[in-house]
Amino acid sequence: MSERLSVFKTYKLYVGGKFPRSESGRVYEVTTRTSAAAAAGKGKWLANAPLSSRKDARDAVVAARKAFGGWSGATAYNRGQILYRVAEMLEGRRDQYVAEVADAEGLSKSKAAAQVDAAIDRWVWYAGWTDKIAQVVGGGNPVAGPFFNLSSPEPTGVVAVLAPQESSFLGLVSVIAPVIATGNTAVVIASEKSPLPALSLGEVLATSDLPGGVVNVLSGRTAEIATPLASHQDVNAIDLAGADEELAKELEIAAADNLKRVLRPQPVDDVDWSATPGTDRMTAFLETKTVWHPTGALGASGSSY
């Protein structure tokens, strides 16, 4: 039997539910990140990833905005079902992601498997929160007067997300899932050094009932893509998890132009993506709508309800 040729995977962006190449036609080499590779100065070649341009970033924002109405208008229960479906699909492709994360982060197969399992569990965790977060952050407010005063959370809109640089999959999921669980749509910039797990995640999202445009995944130079997103007038918020201190300051200044919500990055040494995430990343991208309504009166006695 003759030896067969390997079929190399072509990694593409995930924008608007489709898989385009960068409009620039550019790619960059992605290599392994093992300690031995670092000592030698160069790792083993893994793939050519798309090098996204400003035009790709703008296209992703258009797709995210188009998807926002339908996604934010879906029931919280339905969003939870879809997030759970993402976990189901990832469970079925677990071995693929273990291999990709091991190469991406220079981990052993057992440590990579722990990262992938935690990422799958995180999708399930956020799926359970979709129809509960409103009870935690909303409710009736006591007021002095004959009024009902009710507060309820609403999604902020289109959120630009800079994925963590060092945690290519668990960290990635930890910043995407809370954004979309609460009804926002996302434009995600994958880890610059290790983008392949993020680009593969697009394949799962495309087959998991998630409407096209809810999550859009770009790869390339983080600063090059993030700059136009931070100043984009149709981006409502930005998560700077994957930005270093210098870049974060630049992006905060750009984001101020249209008063974007900004979630500032934590020092890398302080981030434990395996820890229970809490609700902070969900509430960071929620607005609160408060409605006043007169209680009215019943009958001649003037009793109110």
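Refer to the structure presented above.
Being a predicted model, the structure only gives us computed values, none of them experimental.

Points about the overall build of the protein chain
Working step 1: Counting its secondary structure elements, the protein chain contains 11 helices and 10 strands.
Working step 2: Here the C-alpha coordinates of the protein chain stretch approximately 95 × 40 × 35 Å along the principal axes.
Working step 3: Residue burial in the protein chain is summarised as follows: out of 305 residues, 46% are buried.
Working step 4: Contacts in the protein chain between residues far apart in sequence, at least 24 positions, make up 78% of those at least 6 positions apart.
Working step 5: As displayed, the protein chain offers around 14,700 Å² of accessible surface, 53% of which is attributable to carbon and sulfur atoms.
Working step 6: With 30 positive and 33 negative side-chain charges, the protein chain shows a separation of 5 Å between the mean positions of the two kinds.

Considerations on the pattern of salt bridges
Working step 1: Summed over all chains, the structure comprises 15 salt bridges.
Working step 2: For Asp59, the salt bridge identified is with Lys55, shortest N-O distance 3.0 Å. On the criterion of helical spacing, the pair formed by Asp59 and Lys55 is a turn pair, its members being 4 residues apart in helix 2 (residues 54–73).
Working step 3: Overlapping salt bridges, with partners in common, bring together Lys9, Arg93, Glu100 and Glu203 in one network.

Some words on the sheet that holds strand 10 (residues 286–294)
Working step 1: Reading across the sheet, the 3 strands line up as 3-4-10 and stay open at both edges, with antiparallel pairing between neighbours. Edge positions in the sheet fall to strand 3 (139–140) and strand 10, since each has one partner strand and no second.
Working step 2: Pairing of strand 4 (residues 147–155) with strand 10, which is carried by 9 bridges, proceeds in the antiparallel orientation. Among the inter-strand pairings, Glu154 is bridged to a residue of strand 10, identified as Glu287.

Regarding helix 2
Working step 1: With 20 residues, helix 2 extends 29 Å between its outermost C-alpha atoms, agreeing within 8% with the 28 Å of an ideal straight helix rising 1.5 Å per residue.
Working step 2: The principal kink in helix 2, of about 40 degrees, is found at Ala67.
Working step 3: For helix 2, the set of buried residues is Asp56, Ala57, Ala60, Val61, Ala63, Ala64, Ala67, Phe68 and Trp71.
Working step 4: Between a side-chain oxygen at the N-terminus of helix 2 and the backbone nitrogen of Lys55 the separation is 3.3 Å; the capping residue is Ser53.

As for the environment of Val136
Working step 1: Of note, Val136 is situated in helix 6 (residues 133–137).
Working step 2: For Val136, a relative accessible area of 51% gives the class exposed.
Working step 3: Expressed as a C-alpha distance, the spacing of Val136 and Glu252, which sit 116 residues apart in the sequence, is 29 Å.

Here's the deal with the packing of aromatic side chains
Working step 1: All chains considered together, the criterion is met by 5 aromatic pairs.
Working step 2: Look at Phe8 and Trp45: their rings are 5.8 Å apart centre to centre, the planes differ by 75 degrees, and that puts the pair in the edge-to-face class. Of this pair, Phe8 sits in the segment before strand 1 (27–31) while Trp45 is found in strand 2 (residues 45–50), placing the two residues 37 residues apart along the sequence.
Working step 3: On the basis of relative accessibility, which here comes to 60%, the residue Phe8 falls in the exposed class.
Working step 4: Considering the side-chain rings of Trp125 and Tyr126, the 5.1 Å spacing of their centres and the 90 degrees angle between planes classify their relative orientation as edge-to-face.
Working step 5: Among the residues examined, Tyr126 registers a relative accessible area of 1% and is labelled buried.
Working step 6: Chaining the aromatic ring pairs together yields one cluster made of Trp125, Tyr126 and Trp129.
Working step 7: Geometry around Phe68 places Arg65 over its ring, the cationic atom sitting 5.6 Å from the centre.
Working step 8: Taking the ring centre of Tyr28 as reference, the NZ or CZ of Arg221 above it sits at 4.6 Å.

About the criteria used
- Each chain has its residues counted from 1, running along the sequence as written.
- Under the rules for a predicted model, residues below a pLDDT of 70 receive no local features and side-chain atom pairs below 80 are neither given nor counted, while totals for whole chains, interfaces and linings still include all residues.
- To obtain the side-chain values, all non-hydrogen atoms of the structure were included, while hydrogens and water were left out.
- Helix and strand definitions follow DSSP, with helices as H or I runs of at least four residues and strands as E runs of at least two, each counted in order from the N terminus.
- Between buried and exposed lies partly exposed: a residue is buried under 20% and exposed over 50% of the maximum accessible area for its type, with that area taken using a 1.4 Å probe on protein chains only.
- Contacts were defined at the residue level, with two residues in contact if any of their heavy atoms lie within 4.5 Å.
- Per-residue and other accessible areas follow the Shrake-Rupley method at a 1.4 Å probe size, with only the shown protein chains counted as cover for residues.
- For the purpose of counting charges, residues Lys and Arg are taken to be positive, whereas Asp and Glu are taken to be negative. His and the chain ends are not included.
- Charge coordinates come from a single atom per side chain, which is NZ of Lys, CZ of Arg, CG of Asp or CD of Glu.
- Take a side-chain nitrogen of Lys or Arg and a carboxyl oxygen of Asp or Glu: if they are within 4 Å of each other, that pair is a salt bridge.
- Criterion used throughout: strands pair if DSSP finds at least two bridges between them.
- The span expected for a helix works out to 1.5 Å for each residue beyond the first.
- To get the bend at a given residue, fit one axis to the seven residues ending there, fit another to the seven starting there, and take the angle between those axes.
- The term polar contact refers here to a pair of N or O atoms within 3.5 Å; inside protein, the definition further demands a hydrogen-donor-capable atom paired with an acceptor-capable atom, and it admits residues adjacent in sequence only when both atoms are side-chain atoms.
- Aromatic pairing here means that ring centres of Phe, Tyr or Trp (its six-membered ring) are within 6.5 Å. Orientation follows from the plane angle: under 30 degrees is stacked, over 60 is edge-to-face, and everything else is tilted.
- Here, over-ring charges are defined by two tests on the NZ atom of lysine or the CZ atom of arginine: distance to the ring centre within 6 Å, and angle to the ring normal within 35 degrees.

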